[in-house]
Amino acid sequence: MATQVKLLGFWCSPFSFRVEWALKLKGVDYDYIEEDIFNKSSTLLELNPVHKKVPVLVHDNKVISESFVILEYVDETWEQNPLLPKDPYERATARFWAKFAEEKLLDAAWTAMWSKGETKEKALKDSIEALEKIEGEFKEKRHFEGESIGYLDLAVGWIAYWLPVWEEVGSMQIFSQEKFPAITGWMAKFLSHPLIKDNLPPKDKMHVYFEGRRDPIYNYFNPKPEDN
Amino acid sequence: MSGNDTTTLRWLLKKMRIRNDEQVNLIIFLQLYSLFLQPLTFFFSSEFLETMEDEVILLDFWPSMFGSRVRIALAEKGVKYEYKEEDLVNNKKSDLLLQMNPVHKTIPVLVHNGKPICESSIIVQYIDEVWKDKAPLLPSDPYQRAQAKFWVDYIDKKVNSPGRKTWCTKGEEQEAGKKEFVEIMKTLEEQLGEKPYFGGETFGFVDICLITYYCWFYSYEKFGKFSLEAECPKLIEWAKRCAQKESVFKTLPDEKKVFGFCIEMRKMFGLD
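These numbers were taken from a predicted model, which means no experiment stands behind them.

Scoring rules and cut-offs
Residues numbered from 1 in each chain as written. Chains lettered and ligands numbered in written order. Predicted model: local features only at pLDDT ≥ 70, side-chain atom pairs only at ≥ 80, totals over all residues. Heavy atoms only, no water. Patch = residues over 30% accessible without salt bridge, like charges linked within 9 Å, V, L, I, M, F, W, Y side chains within 5 Å. Areas by Shrake-Rupley, 256 points an atom, 1.4 Å probe, with all protein chains shown as cover. Salt bridge = Lys/Arg side-chain N within 4 Å of Asp/Glu carboxyl O. Lys, Arg positive; Asp, Glu negative; His and termini not counted. Charge placed at Lys NZ, Arg CZ, Asp CG, Glu CD. Helix = DSSP H or I, 4+ residues; strand = E, 2+ residues; numbered from the N terminus. Buried < 20%, exposed > 50% of the residue type's maximum accessible area, 1.4 Å probe, protein only. Contact = heavy atoms within 4.5 Å. Buried area = accessible area lost by both parts, 1.4 Å probe. Polar contact = N/O pair within 3.5 Å; in protein donor to acceptor, adjacent residues only side chain to side chain. Nonpolar A, V, L, I, M, F, W, Y, C, P; charged D, E, K, R; others polar. Axes fitted to C-alpha atoms, helices over the stretch in contact; angles between N-to-C directions. Parallel < 35°, antiparallel > 145°, perpendicular 65-115°, else oblique. Left-handed = near helix turned anticlockwise from the far one by under 90°. Phe/Tyr/Trp six-rings, centres within 6.5 Å; stacked < 30°, edge-to-face > 60°. Lys NZ or Arg CZ within 6 Å of the ring centre and 35° of its normal. Pairing = 2+ DSSP bridges. Expected span 1.5 Å × (residues − 1). Arc of directions from axis to C-beta. pLDDT = per-residue confidence, 0-100.

Some thoughts on a positive patch on the surface
Then, number 1: A contiguous patch of positive charge on the surface is contributed by K40, K52 and K53 of chain A together with K158 of chain B.
Then, number 2: In this structure, K52 of chain A sits in the loop between α2 (42–47) and β3 (56–59).
Then, number 3: Judged by relative accessible area, which is 39%, K52 of chain A ranks as partly exposed.

As structure tokens, then:
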């Protein structure tokens, strides 16, 4: 029986793209289904009732959610072009830095993009501190210098492409080539990989989209008091 | 090499049209190998390496539900380790902790033959992968493994914050924390269903990552003024089942001792 793989995603979600990159690196054929995250389909709500988010991978009748969990599932199911290293210590290190970048950099950078005042200042400071730690790791360890792209590259790939857009939309600076030379080198290598460079969302559309999200998100977290 | 071996080998080499003098050289080489080099390969065998003692150190803090996860996992695998208590009440972090976890400066940290592994759910997976011959904590099927990792991720993201609010805050914030905590426990109870453990028939990764909150339930209930058993009876049944396991009851601190710790902390935070 032929295997069927479906991916529910969103056109500019860095979390969706991680999974797409992994599937492409493994040479897995899949059907991509675009989800309107502002008008979630009943399919999505059935497949991921806990978080109601994309990406969701459906492999035959098996449903997997949460992008890092999906990455590991894809790695274990299709063994060609392994993403995670074999050595347990190196695996733990890759998982650690993926988690760190997600919790400390991505959240902070996203918040810095849409927020204002003190909240923005703190988020900016936190983002820079987190990026400095990642720079330190890039310099010392060899995960990112390998010839083949791996789990950690996919986990933090958004830094190379989404972060510059968020910086512009948020009128802020987190990254600079002078301050982060090791990350700069990695970014160039990552974005020029044939399977990555042809699988990125259009930048102009991304700008429009995130510009359009900035103020509504701010207003959601800072509702105006009602006039009496 | 026996006489028979040599005879067979010479026949083979003759068939391969190898000259007599070269045959002799080859046979001498093979005899020297089997006498001297081959026995040395024992020292690279897993049989030998396993007999060498691993150095395992755990940096921890006694009430931590994250540290307990690691202790349960090590106990399940029968791994001997050195336990080092960090004085976090007085915020006196040891040099070793700061050196081994410079990024977060938090416990638990597992130091295995000098190399640090941080973040409790990552440490538990590491333990499962290194000491893989005993008591598997994760299933072998990729889809079942993904389910386990999904629920541990859910527990990691959702439980701690509202749990903390039930004992560490007052008024509206505490009420909201309590409500959220109960909802999350109900979701987990639903996921457990009729299974004895989250992974099915055997105690595993998800069970380990959730059971360490069990000794904190008493404190949450006392300060939050609710009964988890009334809200989630099946979950409490599961917890009692897990608590019968030696790795669990020998690890988890007494719930009254945890309660005493919460009282001290509340005083320190100026809540009482």
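That shown, we press on.
Side note on the interface of chain A and chain B
The extent of an interface is frequently quoted as the accessible surface area lost upon association of the parts.
Then, number 1: Between chain A and chain B, the residue contacts involve 24 residues of the former and 25 residues of the latter.
Then, number 2: Counting each side, the surface lost to burial between chain A and chain B is near 2200 Å², with a carbon and sulfur contribution of 67%.
Then, number 3: A salt bridge links E66 of chain A to K157 of chain B, with the nearest nitrogen and oxygen atoms 2.9 Å apart.
Then, number 4: In this structure, the connection of chain A to chain B is made through 9 residue pairs in polar contact (both at pLDDT 80 or more).
Then, number 5: Mapped onto the side of chain A that touches chain B, the elements with two or more residues apiece are β4 (62–65), α3 (67–77) and α4 (88–114) of chain A.
Then, number 6: Ranked by residue count, the leading element in the side of chain A that touches chain B is α4 of chain A, at 10 residues.
Then, number 7: Of the residues assigned to the side of chain A that touches chain B, the class counts are 11 nonpolar, 4 polar and 9 charged.

Some points on the pattern of salt bridges
Should the charged atoms of two oppositely charged side chains come close, the side chains can pair.
Then, number 1: Enumeration over the complete set of coordinates arrives at 31 salt bridges over all chains.
Then, number 2: Note that E102 of chain A and R18 of chain A form a salt bridge whose closest N and O atoms lie 2.6 Å from each other. Residue E102 of chain A is found in helix α4, and its partner R18 of chain A is found in helix α1 (residues 14–25); the two are separated by 84 residues along the sequence. Both residues of the pair, E102 of chain A and R18 of chain A, belong to the buried class.
Then, number 3: The structure contains a network of salt bridges with shared partners spanning E72, E76, R91 and R95 of chain A together with E129, R145 and K149 of chain B.

Focus on the packing of α4 of chain A against helix α7 (residues 158–169) of chain A
All names here are of chain A.
Then, number 1: Axis separation between α4 and α7 bottoms out at 8 Å; the angle between their running directions is 25°. The angle between the axes of α4 and α7 places the two elements in the roughly parallel class. In this structure, α4 meets α7 at a crossing whose hand is left-handed. Between α4 and α7, the residues in contact are A101, E102, L105, L106, A109, W110 and M113 and W158, I159, L163, W166 and V169, respectively.

A few points about the packing of aromatic side chains
Then, number 1: Scanning the entire structure with this criterion turns up 40 aromatic pairs over all chains.
Then, number 2: On the numbers, 6.4 Å between centres and 80° between planes, the contact of F10 of chain A with F38 of chain A is edge-to-face. Of this pair, F10 of chain A sits in the loop between β1 (5–9) and α1 while F38 of chain A is found in the loop between β2 (31–34) and α2, placing the two residues 28 residues apart along the sequence.
Then, number 3: By relative accessible area, which is 7% here, F10 of chain A ends up buried.
Then, number 4: Through pairs of rings, three or more aromatic residues link up here, namely F61, W62, W167, F181, Y214, W216, F217, Y220, F226 and F261 of chain B.
Then, number 5: Geometry around Y218 of chain A places K116 of chain A over its ring, the cationic atom sitting 4.2 Å from the centre.
Then, number 6: Against the face of Y161 of chain A rests K203 of chain A, its NZ or CZ located 4.6 Å from the ring centre.

Looking at the sheet that holds β3 of chain A
Residue and element names in this part refer to chain A.
Then, number 1: Judged by pairing direction, the sheet is mixed, and its 4 strands sit side by side in the order β2-β1-β3-β4 without closing on themselves. Both edges of this open sheet fall to β2 and β4, since each of them pairs with a single strand only. Here the strands of the sheet are splayed against their neighbours by 20° on average, with no regard to which way each runs.
Then, number 2: Both β1 and β3 contribute to a ladder of 4 bridges, which runs antiparallel. Directly across from V5, in β3, lies its bridge partner H59.
Then, number 3: The strands touched by α1 are β1, β2 and β3; relative to β1, the strand with the most contacts, the crossing angle is about 155°.
Then, number 4: Packed on one face of the sheet, α3 meets β3 and β4 and runs near 135° to β4.

Here's the deal with helix α8 (residues 181–192) of chain A
Residue and element names in this part refer to chain A.
Then, number 1: For α8, with 12 residues, the first-to-last C-alpha span of 17 Å sits near the 16 Å given by 1.5 Å per residue.
Then, number 2: By the burial criterion, the buried members of α8 are I183, T184, W186, M187 and F190. For α8, the buried positions fall inside an angular range of 165° around the axis, keeping them on one side.
Then, number 3: Structurally, α8 contributes buried residues whose contacts are with α1, α5 (117–140), α6 (151–156), α7 and α9 (194–197).

Comments concerning the confidence of the model for chain B
Then, number 1: The predicted model of chain B has a mean per-residue pLDDT of 93, with 97% of residues at 70 or higher.
Then, number 2: Two numbers describe this predicted complex: its pTM, 0.88, and its ipTM, 0.95.

Focus on the packing of helix α8 (residues 160–168) of chain B against helix α11 (residues 214–224) of chain B
Residue and element names in this part refer to chain B.
Then, number 1: Running from N to C, α8 and α11 cross one another at 55°; their axes reach a closest spacing of 7 Å. When the axis of α8 is compared with that of α11, the two are oblique. Where α8 crosses over α11, the two elements pack in a sense that is left-handed. Only W216, S219, Y220, F223 and G224 of α11 make contact with α8, whose side of the interface consists of G163, R164, T166 and W167.
Then, number 2: A per-class count over the contact of α8 with α11 returns 4 nonpolar, 4 polar and 1 charged.

Some remarks on a nonpolar patch on the surface
Then, number 1: A grouping of V24, I28, F29, L32, Y33, L35, F36, L37, L40, F42, F43 and F44 of chain B is seen on the molecular surface, where their side chains present a nonpolar patch of about 1200 Å² in accessible area.
Then, number 2: For L40 of chain B, a relative accessible area of 45% translates into the label partly exposed.

Examining the pairing of strand β4 (residues 115–118) of chain B
Residues and elements named next belong to chain B.
Then, number 1: Pairing between strand β3 (residues 109–112) and β4: 4 bridges, direction antiparallel. By the bridge assignment, V111 is partnered in β4 with P116.
Then, number 2: Following β3, the chain reverses through 2 residues before pairing antiparallel with β4; N113 in that reversal takes a positive phi of roughly 50°.

Quick look at helix α9 (residues 171–192) of chain B
Residue and element names in this part refer to chain B.
Then, number 1: For α9, built from 22 residues, the straight-helix expectation of 32 Å at 1.5 Å per residue is met to within 8% by its first-to-last C-alpha distance of 32 Å.
Then, number 2: For α9, every residue scored as buried is listed here: Q174, G177, K178, F181, V182, I184, M185, L188, E189 and L192. Down the axis of α9, the buried side of the element spans an arc of 170°, and every buried residue falls inside it. Projecting away from the buried face of α9 at angles above 90 degrees are the exposed residues E172, K179, E183 and E190.

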